[in-house]
Amino acid sequence: MSVNIIKENISITYFDYLPTEIILHIFDYLSSIDIIYSFFYLNRRLQNLLITQKHYIHNLQLPTTNLYFWQQILLITGSYIKSLIIVNDYLTLSLDLFPNLTSIIIKSSFDFIDGQLKLILEHKQFQKLNILKIKDGIVSKWPNNQTESDDEKILFKKVFSKENNLQVFEYLPLFTKSNCNDWTVNIYIHSLTLNLLHFKDIFIFIKYVPNLVYLNIQSLPPFSDENEEDYKWNHFITIQLKEFHLKLNEQNNSSHRCVYSAHDFNKIISTIQLFSSSLIILTLNFQNFNMNDENDLLFNGIKLENQLLKSMIKLKKFYLYAETYPKTKDIHKLLSTFQTQFWFDHNWSIGLHNDHRNTYIYSLPFHFNEFHNFIHSNQILSNNDQLLKNNMHLWYNITSLGLSMRIHKNFEDIFRFIKINMPKLSSIRFFGAKSSSNTACLVKKTIQKNHVTLNSVTTVSLECIHMEQLEEYLIYTLPNLKNLILTATELPLIDSELALIFNKRIQRLEVSQFFYVKILADISYHYFSNLKELNLTYYYTFNVEECQDRPNVIRKILENFANLRILSIYVVCCDMNYIFDVEDIFKPIIRNLDRYQIKDKYEIKCYGQYLRFVKKLLF
């Protein structure tokens, strides 16, 4: 295909007669990759339209197929691309095709193949970047694997340097440790987003970004037995931070502590107070926060007011989400601490509720995109009852929702509520103990007659669930279900109606227990017949029988699932203090596959803590 601007074509379809305004409106619903691929070479009018309306082609997801076509077309359009999104674990096209690039966003589900990130960092285009974002994928570094890769060493040295123009840096793979002796101050970075293993590691980075105004941190919470000296940083803090977004999550815990060891709220307070004079926006997202003494409940309104918020004279917006355990016994007393003049004057509305284990405290309208254990709004207490009753936008931001089988015996009412109030919801997690007394399914005829459809939901996670409990909902309520995540949940029987539905709908499946993986490998070729991606979690084990079975199980899966494009195996260890070698698991699998023709059909990639099989037809 010629790389020159094409000659005028004679219109032969009604589309060519559409006014420009309508065509631009159509473009608003398409991605840049679709617009360029479908319309750029169609005729001169559309080509000129795209060149003049450059914002439609400013952002491009790096193509993974039809690469020859893209190499030709990017010789013309590449100079218009400002932002590049990379979804593969390697570069499919050279960065030389994008001479005016200012932003790179890496959204690969897996870590970059060794050396690929280095190609970006050492390319001449890196010096021109204003934005570099490396998102966290399905697989990320496990806390007991604290070895810094060569690419990571180069990355942090390049970012924290005087030799670039980066203003925004985001790194969401887990940061465990790094040698920062060769870092230098970067005066240009004003926005920093990080996923840290230790809360105190914030200040490894802070001293290298003196002009920071936006800080977004995910980490473990600090513990009461940590050294106080590690938290005395105020002697070098001069940053005038305007936004601080803090997410503390116990799920990343490295388990070298007792799960009931106390989190230290005072260390969090003292850290935030370092920026109190300049903060305009503060977001606190605390999950599974452990309190040993209910009388010292740290998230009550009076303590938040006196110990943290009152001193922030410039603070305009405050958003809170906290899960604390054990739950408070007197939730009405807790509510009263948010019914003071301070909270009313700032117009900060709070909602709260208990479940069997936790107390949940959160800002209203709900600011975050994930709610771990939602209950119906008529069971929520608030310091602003009118807002709770009359505002249909309270839950608008929620994209991921947790629903407990302990709380919801019947989901019809909650699904009606979700349909009206959560238009952006895309993922639901059902969890709870397996028990016939908690069965939530209805008679099929009732659901068929009265069912609500949640068309926006494409992902469902089932944890410790009998599939039959939700069978009718999975069939009738979630017609667009494509992604299924199973934890301690059995697969449906092969001749069941649900299995037939899964065969048609499910394109991506995650399974975490080997027992269920083995069953999946042994059943019919037609089970999950449209499955395109399968993600398995293998735990490092000394069970000889399981270790011997694994290679054969993988072979059966690769042979039996005709439409499978990607199989990924992720290895973790239950004992986080035990250092294991993933090759002990991967080598027997690969060695066994050598005897079959698997390598003729799949490209095998083994690096880090995962093993991937990618069907060669994709390339």
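Data block above holds the structure.
These notes cover the structure that comes with them. Fair warning: this is a prediction, and the values are worked out from it, not measured in the lab. (Residues numbered from 1 in each chain as written. Predicted model: local features only at pLDDT ≥ 70, side-chain atom pairs only at ≥ 80, totals over all residues. Heavy atoms only, no water.)

Digging into the side chain of S103
With respect to the helices and strands, the residue S103 is situated in strand β3 (residues 103–106). In this structure S103 comes out as buried when scored by relative accessible area, which is 6%. Of the polar contacts made by the side chain of S103, one reaches the side chain of S83; its length is 3.3 Å. When residues no more than four places from it in sequence are discounted, the contact partners of S103 are K82, S83, L84, L129 and I131. (Helix = DSSP H or I, 4+ residues; strand = E, 2+ residues; numbered from the N terminus. Buried < 20%, exposed > 50% of the residue type's maximum accessible area, 1.4 Å probe, protein only. Polar contact = N/O pair within 3.5 Å; in protein donor to acceptor, adjacent residues only side chain to side chain. Contact = heavy atoms within 4.5 Å.)

Considerations on helix α9 (residues 301–309)
G301, L304, E305, L308 and L309 are the residues of α9 that are buried. The buried residues of α9 occupy one face: seen down the axis, they fall within an arc of 120°. The distance from a side-chain oxygen at the start of α9 to the backbone nitrogen of I302 is 3.0 Å, and the residue carrying that oxygen is N300. (Arc of directions from axis to C-beta.)

What about the packing of helix α18 (residues 544–560) against helix α19 (residues 583–593)?
Between two packed helices, the angle of one axis relative to the other and the distance separating the axes together describe the packing. Where α18 meets α19, the axes come as close as 8 Å, and the angle between the chain directions of the two elements is 55°. One finds that α18 runs oblique with respect to α19. Note on packing geometry: the crossing formed by α18 with α19 is right-handed. Contacts from R550, P551, N552, I554, R555 and L558 of α18 reach α19 at I585, P588, I589, N592 and L593. For the contact of α18 with α19, the residue count by class is seven nonpolar, two polar and two charged. (Axes fitted to C-alpha atoms, helices over the stretch in contact; angles between N-to-C directions. Parallel < 35°, antiparallel > 145°, perpendicular 65-115°, else oblique. Left-handed = near helix turned anticlockwise from the far one by under 90°. Nonpolar A, V, L, I, M, F, W, Y, C, P; charged D, E, K, R; others polar.)

Here we look at the pairing of strand β16 (residues 427–431)
Burial within β16 is extensive, with four of its five residues counted as buried. Remark: the strand β15 (residues 400–404)/helix α13 (residues 412–421)/β16 crossover connection has right-handed handedness. Where β16 and strand β17 (residues 459–463) come together, five bridges link them in parallel fashion. From the neighbouring strand, F431 faces β17, where its bridge partner is E463. (Right-handed = clockwise from strand over helix to strand, strands pointing away. Pairing = 2+ DSSP bridges.)

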